[in-house]
Amino acid sequence: MRCARCLLQLQCLRLVGQTARSAAQNGALLHSASSSQPNMLHNTQHQVLRRFHGSPVCAKMPPIPAEFIDEDGKKRDKSLVTRDDLFEQVAKDIKTKATFNKVVDVFIKQDVRRRGHVEFIYAALQKMPEFGVEKDLAIYNKLLDVFPKEVFVPRNFIQRMFNHYPRQQECGVQVLEQMENYGITPNMETKVLLVQIFGLKGHPVRKLQRLMYWFPKFKHTNPFPIPKELSEDPVDLARFSLTRITNDRDAKVTVYQLPCTDITESGEEITLPHVVGIQSPSQMELLAKHNPSRPVFVEGPFPLWLRKKCVYYYVLRADPTPPDEKVEEPYDPERCFYYSLQLDLDLDRDFGDEQSFNVEDLDEGPVFAMCMTGRGEQAVLNQWISGLQLNNPILGQVATLFRIDDGPKELLGAADTESDHHHRTDPDTRTEDRQHEGEAEVTVDEEPSRSQGIKQ
Amino acid sequence: MSLPKMARLPSVRLLSSIQQQLLPSIAPLTEPRRAASRYEYRRPGEPKKDKYPFQPVNFSFSKGLEGIKKHFALLKKEVTDRWVGPEGKPLLEHMLEQNQVLWEFRGPESLKQWTVSSDHEIGGQSEAHLKLGRNNDTCFLYGTLSSTPPRDGETRYSGYCTMRSQQPLRSFDRKKHFDWSNFNTLHLRVRGDGRPWMINLATETYFSHQGDDMYNYFLYTRGGPYWQEVKIPFSKFFLTSRGRIQDSQHCVWLDKVNTIGFTLGDKADGPLPAGDRFHWRQQRLRSH
């Protein structure tokens, strides 16, 4: 009997040694191996497998692969954080996907019984962002593969009724939750693994089913989608973000300056930042109608978030037109012959939708153009304005004021906050304050000089 | 053609908006910060404060008098409103109305209908404040978002900012619910900075253990200087409890809506000048 047991143990060793292979294969192997055994042997093998968790004989020390024992011959201490140590030992400085895989492999090979796999998986989940593998589905599958197969599957209805192996199930759910947080959809392999490990009705499998139900539903909810990998090129990024915020298909993106590095005669290096602007036809129309006696403002930088990246843009805008200057434009009945542009029904009902809201013509003042640049200096933005002047000759007659904050780091809608402070301190002198503010931080760009510059 | 919207606003707000037009510079633009949450953060393991429950209660006489005045005025209004029609509106208007402006930001009064909170109350480091925008007709939510969880050994995730409307109350602090069963769409006018938000509808529940149930949907902002009009049908909302989507979903009890909230928690740490919203209304879809 002892002989047979030894043999079976050996067989088990061989079987478990193969776990590095893919899960499906593994399962098949296990099945075929066990089914090929004679009946009695089959039973004993199960007994041996069940000794997986808590055999007093093998509980001493996990064998450490020779290559990872310190030169001094010190054994690992028995502290609670040994699993973290494994990561530190194996992946000393290079933290990549390859080393992460290696750590998992080392752990799998270390001990046939996978002693302490729950702690190891928790430690691995924590270390994932460090190694830069937190968005890698293969790695998650590999982590799930660390669980011993078919041990935690409930065997009878009582086990199924109660929480079978709760710590292990929690750990499995935690792996799935981290996948959920990083927005990774599980695949078939994940499902096969989980079913093998926890059985069809375990909590992790339930969690997986929930993920698979909701993720596809929410996949395309964003009406303004952002690609997963944002472009590294600043011009491309600027083009993408400007078209996103404009909300007008006809808007034209113009690259006023490409980023480049020049070396002057004196040997200094000059980096020219990129200047990318956008303007839609309706914005041009608005600008053409702008009263030349009122100044236009270049404001910014304002933040725009694209997933976790923050970019900054500048706007060219004006103060809202005072009500006495507003001109009501009558509808030209000949503009459209197919349907009337104006309905004058006097029904005793509320028809609901207001059609009067125009996105361009805000009560906060119209926006005429937007731009993004690498360096938010007045000189750079001036280039944008002079570029705009080619298409909008009215900019030659209008005074342009620059209300720019120092650097993208310190901006937070500063125009608003600042005027607010003034109000809080001295609300009565608001208008005067505004004027002072304007004089203090705003440089009036003298119109003739710029047009001269363009002529030259 | 359209019923006058202003008439549906409470008279206080009407007055304040008129006042704004006359004297635009007098109204202060920032609302003083109100207490963000009911409970302060207690680190696990810290002893509870040794206070009797009645100690924080303010027993002043003047407050009592004010309360009596307020509640009896509300009671009188409730009684007389019945004679006019449902919800104090004539029946015809009630039946024919296609949209109803529920919250709009006109003057500092309107900020009092909102509670702003952040993960500060679970020990996080985010901050959020609410103030009126430049022209006094928008509101502006700003602050910082930081997803560093507190080092208390329990909290795993952190990093949110929330703005929630206050529960409407009848006289003597009885709960009142919004009845939106005549409408099917939530209509917001928003300007964001590109971050996704979440809209939370909290409804009255039958059992007390459902107290954390909320109906959520996403609010995606485009970013940029333009305002967005967002229409979200109530049928889109899904049931969650404590941040977990529930397996058995139900539709919103539209006649028992308590509060609406907006949450930001997109894990992108950084300042939040999310020139968020402003003025929204809900409306019924037209059938054609």
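What you are looking at is a predicted structure, and each value in this text was computed from that prediction instead of being measured. (Residues numbered from 1 in each chain as written. Chains lettered and ligands numbered in written order. Predicted model: local features only at pLDDT ≥ 70, side-chain atom pairs only at ≥ 80, totals over all residues. Heavy atoms only, no water.)

A. Here's a closer look at the overall build of chain B. On a plain count of helices and strands, chain B comes out with three helices and 14 strands. Residues classed as buried in chain B amount to 45% of the 288 residues present. Contacts spanning at least 24 positions in sequence make up 74% of the contacts within chain B whose residues lie at least 6 apart. (Helix = DSSP H or I, 4+ residues; strand = E, 2+ residues; numbered from the N terminus. Buried < 20%, exposed > 50% of the residue type's maximum accessible area, 1.4 Å probe, protein only. Contact = heavy atoms within 4.5 Å.)

B. Structural view of the packing of aromatic side chains. Within this structure, the stated rule accounts for 28 aromatic pairs over all chains. Ring geometry for Phe147 of chain A versus Phe198 of chain A: centroids 5.2 Å apart, planes at 70 degrees, classification edge-to-face. On the criterion of sequence distance, the pair formed by Phe147 of chain A in the loop between helix H7 (137–145) and helix H8 (157–161) and Phe198 of chain A in helix H10 (residues 188–198) is long-range, its members being 51 residues apart. The same class applies to Phe147 of chain A and to Phe198 of chain A, which are both buried. Above the ring of Tyr142 of chain B, the side-chain terminus of Lys131 of chain B is found at 4.9 Å from the ring centroid. The side chain of Arg195 of chain B reaches across the aromatic face of Trp305 of chain A, ending 4.0 Å from its centre. (Phe/Tyr/Trp six-rings, centres within 6.5 Å; stacked < 30°, edge-to-face > 60°. Lys NZ or Arg CZ within 6 Å of the ring centre and 35° of its normal.)

C. The nonpolar core, seen in detail. Trp180, Ile199, Leu201 and Phe237 of chain B are the most contacted members of the largest nonpolar core, which totals 42 residues. With five residues, the top contributor of residues to this core is strand S8 (residues 213–220) of chain B. Setting aside its immediate chain neighbours within four residues, Ile199 of chain B contacts Leu186, Leu188, Tyr215, Asn216, Tyr217, Leu219, Ile232, Phe237, Ile260, Gly261 and Phe262 of chain B. Core analysis: the second largest hydrophobic core is formed by 41 residues, Val90, Leu137, Leu194 and Leu211 of chain A among them. (Core = buried A, V, L, I, M, F, W, Y, C linked by side-chain atoms within 4.5 Å.)

D. Layout of the packing of H7 of chain A against helix H9 (residues 166–181) of chain A. All names here are of chain A. The geometry of H7 relative to H9 is characterised by a closest axis approach of 10 Å and an angle of 175 degrees between their N-to-C directions. Judged on the interaxial angle alone, H9 and H7 are roughly antiparallel. Across from Leu137, Tyr140 and Leu144 in H7, the residues of H9 making contact are Val175, Gln178 and Met179. Of the residues assigned to the contact of H7 with H9, the class counts are five nonpolar, one polar and no charged. (Axes fitted to C-alpha atoms, helices over the stretch in contact; angles between N-to-C directions. Parallel < 35°, antiparallel > 145°, perpendicular 65-115°, else oblique. Nonpolar A, V, L, I, M, F, W, Y, C, P; charged D, E, K, R; others polar.)

E. Just the packing of H7 of chain A against H10 of chain A, in detail. Residue and element names in this part refer to chain A. Two elements in contact, H7 and H10, have axes whose closest approach is 10 Å; the angle formed by their N-to-C orientations is 10 degrees. In terms of their interaxial angle, H7 and H10 are classed as roughly parallel. Contacts from Leu137, Asn141, Leu144 and Asp145 of H7 reach H10 at Glu189, Thr190, Leu193, Leu194 and Ile197. Partitioning the contact of H7 with H10 into residue classes produces five nonpolar, two polar and two charged.

F. Region of interest: the domain arrangement of chain B. Residue and element names in this part refer to chain B. According to the domain assignment, chain B contains domain 1 (64–97) and domain 2 (100–286). Each of domain 1 and domain 2 was reduced to a C-alpha centroid, and the two centroids are 27 Å apart. Taken together, the contact between domain 1 and domain 2 spans eleven residues of the former and ten residues of the latter. Here domain 1 and domain 2 share one salt bridge between them. The tally of links between domain 1 and domain 2 comes to three residue pairs in polar contact (both at pLDDT 80 or more). For the side of domain 1 that touches domain 2, the secondary-structure elements that each account for two or more residues are helix H2 (61–84) and helix H3 (91–96). Ranked by residue count, the leading element in the side of domain 1 that touches domain 2 is H2, at five residues. Residue composition of the side of domain 1 that touches domain 2, by class: five nonpolar, two polar and four charged. (Domains from an automatic or database assignment. Salt bridge = Lys/Arg side-chain N within 4 Å of Asp/Glu carboxyl O. Polar contact = N/O pair within 3.5 Å; in protein donor to acceptor, adjacent residues only side chain to side chain.)

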